[in-house]
Amino acid sequence: MSATPQTLATTSAFEVLGPVMVGPSSSHTAGALRCARVAASLLEGRVVHVRFTLWNSFAHTYHGHGTDRALVAGILGLDTDDERIRDAFDLAREAGLDFSFTTAPDDASVHPNTVDIDMEDEGGARCQVRGESLGGGKMRISRIDGVGVDITGAYTTLFVAHRDAPGLLASLTHLLAMAEVNIAFLRTYRTEQGGQAYSVFETDGAPDDSVLPMVRRLRDVNFATFIRVPGSMAAAPGVTAEELFDDGAQLLAACAERGLSIGGVMELRERGLTGREAAEASMRRVIEVMRAETSEPIERPARSLGGFIGGEARAVSEGAARWAGPLMGDVQTQAVARAMAVLERSAAMGVIVAAPTAGSAGVVPGCVLAVADAVDAGEKDVASALWCAAAVGLNIQTHACVAGAEGGCQAEVGSASAMAAAALVELLGGTPEVALTAASLAISNLLGLVCDPVGGLVEVPCQARNAIGVAAAFSAAQLALSGVRSLVPFDEVVRAMAEVGRALPATLRETAAGGLAATPSARAACTRCAGCA
């Protein structure tokens, strides 16, 4: 096994096939909610006043993406899959939470999905937090009260606000050592010598309930709390390098060494992170939500927030008798209908699985469930295919990104198509090498795809692009299974996607300022839609 360091050793499969969330956007809804929820945990009292300042992509699309509701929901402590997110404003008023939103001018030096959260609690304490949504529901806290920090929740995180006093760090580390807590990383940030400071301890596993009160009693400690990012998986002791990977070469080496498929290696890795029971339970829930999200909108169509989509999935499904034969075929037609159904559910703020994002959430379940039904695959086969999809998505997250605001739609639908192509190969008995070939072909054929949501809504062209993602996954899987090779290997394709994403102008990266979103027809439609600003 390669000794190459693992850069995402603590990332769970269900941060790739997830979060389970209310739509319409994993970065702009789920990620924003997580930023606000972590921010609120940094005050001891209940937050009563909050002002959100939105930057770049957040500023351009926050109405249509539900970012405003999600931020308020995060302050209120809601989870990403709580359907009350759509009613967050009413809940806030009932709770006595005063909230407001402002937008900042575009700034290329600031992450595309950034929010500054200025809070005051019922005791008068204040705190300003900067959060960044990284795609797929992942987030980072990058500033607290003007001091740069780096908090992602990948590990169990103890946050301590204190005076920069001699001996305090020694007292803190001694206390954790006595509680048998292993420190993975420790960072201290301060405004000036002897001034305000923050220490962030990332630990292997959560200590017992006795630790926090002892930390708070230390002299010069102003405040201490454990930061828990909703839905994230903190690392557990016992994970070994042989069970981890972060690129295609390492993944194939792990498959060869253990005699497992890609899905088998990813499942083994997840068991090391979270335990067998938790891994199996999480996968069962993902499959359950995927079955619902791909079927219910076909049976009972509903209009989206903006009113641009609703009923298209049923139309494709019902049109299969006439059009499937000469065009897509029965199985791909059903895969497309199911994929489009997920976007309808997401755009109506229903519960979905981000796979790897909400904007591309239809591709993987549409492909896997349609083909599984066609070949009478069992639940274990479906799970194995989804484990495989998660492994491919993890590699893409490591060396590129899955956020439209960073890499365009190639990062969202392109990544989902690669995940689905590999999953189909695994489902149909292909080798790990063939699965990664299929993933390479899928990305290659969607390279450069821009992100241009009309009106800032995850509706048009997002729904149709999920259908195209399905077509790309089907084509790539069949090509690879037929022996067609990819000249450029998977790891190089992913790096190329990252470079292309960086080269795209901001107008084509989820700002609704270019592409289809800037056409006269799209702008005219936005004056009449229900969700546009």
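Residues numbered from 1 in each chain as written. Predicted model: local features only at pLDDT ≥ 70, side-chain atom pairs only at ≥ 80, totals over all residues. Heavy atoms only, no water.

Trainee: Any chance you could explain the sheet that holds strand S4 (residues 113–121) here in plain terms?
Mentor: Pairing in this open sheet of six strands is mixed, and the strands run S3-S2-S4-S5-S6-S7 from one edge to the other. Since the sheet does not close on itself, it has two edges, and those belong to strand S3 (98–103) and strand S7 (147–151), each with one partner. For this sheet the average axis-to-axis angle between neighbouring strands, irrespective of direction, equals 25°. Where strand S6 (residues 138–144) lies against S7, three bridges are found, and the strand directions are antiparallel. Bridge pairing in S7 places Ile-141 opposite Ile-151. (Pairing = 2+ DSSP bridges. Helix = DSSP H or I, 4+ residues; strand = E, 2+ residues; numbered from the N terminus. Axes fitted to C-alpha atoms, helices over the stretch in contact; angles between N-to-C directions.)

Trainee: Before we go on, may I ask you to explain the pattern of salt bridges in this structure?
Mentor: Oppositely charged side chains may form a pair once their charged atoms are brought near each other. Per the counting criterion, the structure on display carries 24 salt bridges. In this structure, the salt-bridge partner of Arg-93 is Asp-90, at a minimum N-O distance of 3.4 Å. Remark: Asp-90 and Arg-93 occur in helix H4 (residues 88–95); sequence separation between them is three residues, near one turn of the helix. Between Asp-116 and Arg-130 there is a salt bridge; the shortest N-O distance is 2.7 Å. Taken together, the positions of Asp-116 in strand S4 and Arg-130 in strand S5 (residues 126–135) put the pair 14 residues apart, joining distant regions of the chain. Classification of Asp-116 as buried rests on a relative accessible area of 10%. Of the residues examined, Arg-130 reaches a relative accessible area of 10% and is grouped as buried. (Salt bridge = Lys/Arg side-chain N within 4 Å of Asp/Glu carboxyl O. Buried < 20%, exposed > 50% of the residue type's maximum accessible area, 1.4 Å probe, protein only.)

Trainee: I'm lost on the packing of helix H17 (residues 432–444) against helix H19 (residues 490–503) in this one. Help?
Mentor: Working note: a packed helix pair is described by the angle between its axes plus the distance between those axes. It is at 9 Å that the axes of H17 and H19 come closest, and there the two elements cross at 25°. Between H17 and H19, the angle falls in the class roughly parallel. Note on packing geometry: the crossing formed by H17 with H19 is left-handed. Across from Leu-436, Ala-439, Ser-440, Ile-443 and Ser-444 in H17, the residues of H19 making contact are Phe-490, Val-493, Val-494 and Met-497. Broken down by class, the residue content of the contact of H17 with H19 amounts to seven nonpolar, two polar and no charged. (Parallel < 35°, antiparallel > 145°, perpendicular 65-115°, else oblique. Left-handed = near helix turned anticlockwise from the far one by under 90°. Contact = heavy atoms within 4.5 Å. Nonpolar A, V, L, I, M, F, W, Y, C, P; charged D, E, K, R; others polar.)

Trainee: I would appreciate a short explanation of the environment of Ala-347 in the present structure.
Mentor: Position of Ala-347 relative to the elements: it lies in helix H12 (residues 330–347). Classification of Ala-347 as buried rests on a relative accessible area of 1%. Here the alpha-carbon distance between Ala-347 and His-174, two residues 173 residues apart in the chain, equals 50 Å. Apart from the residues lying within four places of it in its own chain, the contact partners of Ala-347 are Pro-24, Ser-304, Leu-305, Ile-309, Val-458 and Glu-459.

Trainee: What am I meant to see in the pairing of strand S2 (residues 47–55) here?
Mentor: Put simply, side chains in a regular strand alternate between the two faces of the sheet. Within S2, seven of the nine residues are buried, which leaves it mostly tucked inside the rest of the structure. Two strands pair when backbone bridges link them, and S2 and S4 are joined in this way by eight bridges, in the antiparallel orientation. Its bridge partner being in S4, Val-47 is matched across the sheet by Asp-121. As paired elements, S2 and S3 share six bridges and run parallel to each other. Each bridged residue has a counterpart across the sheet, and for Thr-53 the counterpart in S3 is Thr-102.

Trainee: I keep staring at empty space enclosed by the protein and nothing clicks. Help me out?
Mentor: A probe as big as a water molecule, rolled over the atoms, marks out the empty space that is left. Within the structure shown, the criterion is met by one cavity of 30 Å³ or more. Estimated volume of the largest cavity: approximately 150 Å³. In this structure, the largest cavity is lined by 16 residues; those nearest its centre are Gly-359, Glu-412, Cys-451, Val-458 and Cys-462. For the lining of the largest cavity, the secondary-structure elements that each account for two or more residues are helix H1 (26–40), helix H16 (409–427) and helix H18 (462–481). (1 Å grid on protein atoms, 1.4 Å probe; cavity = no way out; pocket = protein on both sides within 12 Å on 5 of 7 lines; lining within 4 Å. Points joined across faces, edges and corners; volume = space filled by probe spheres on them.)

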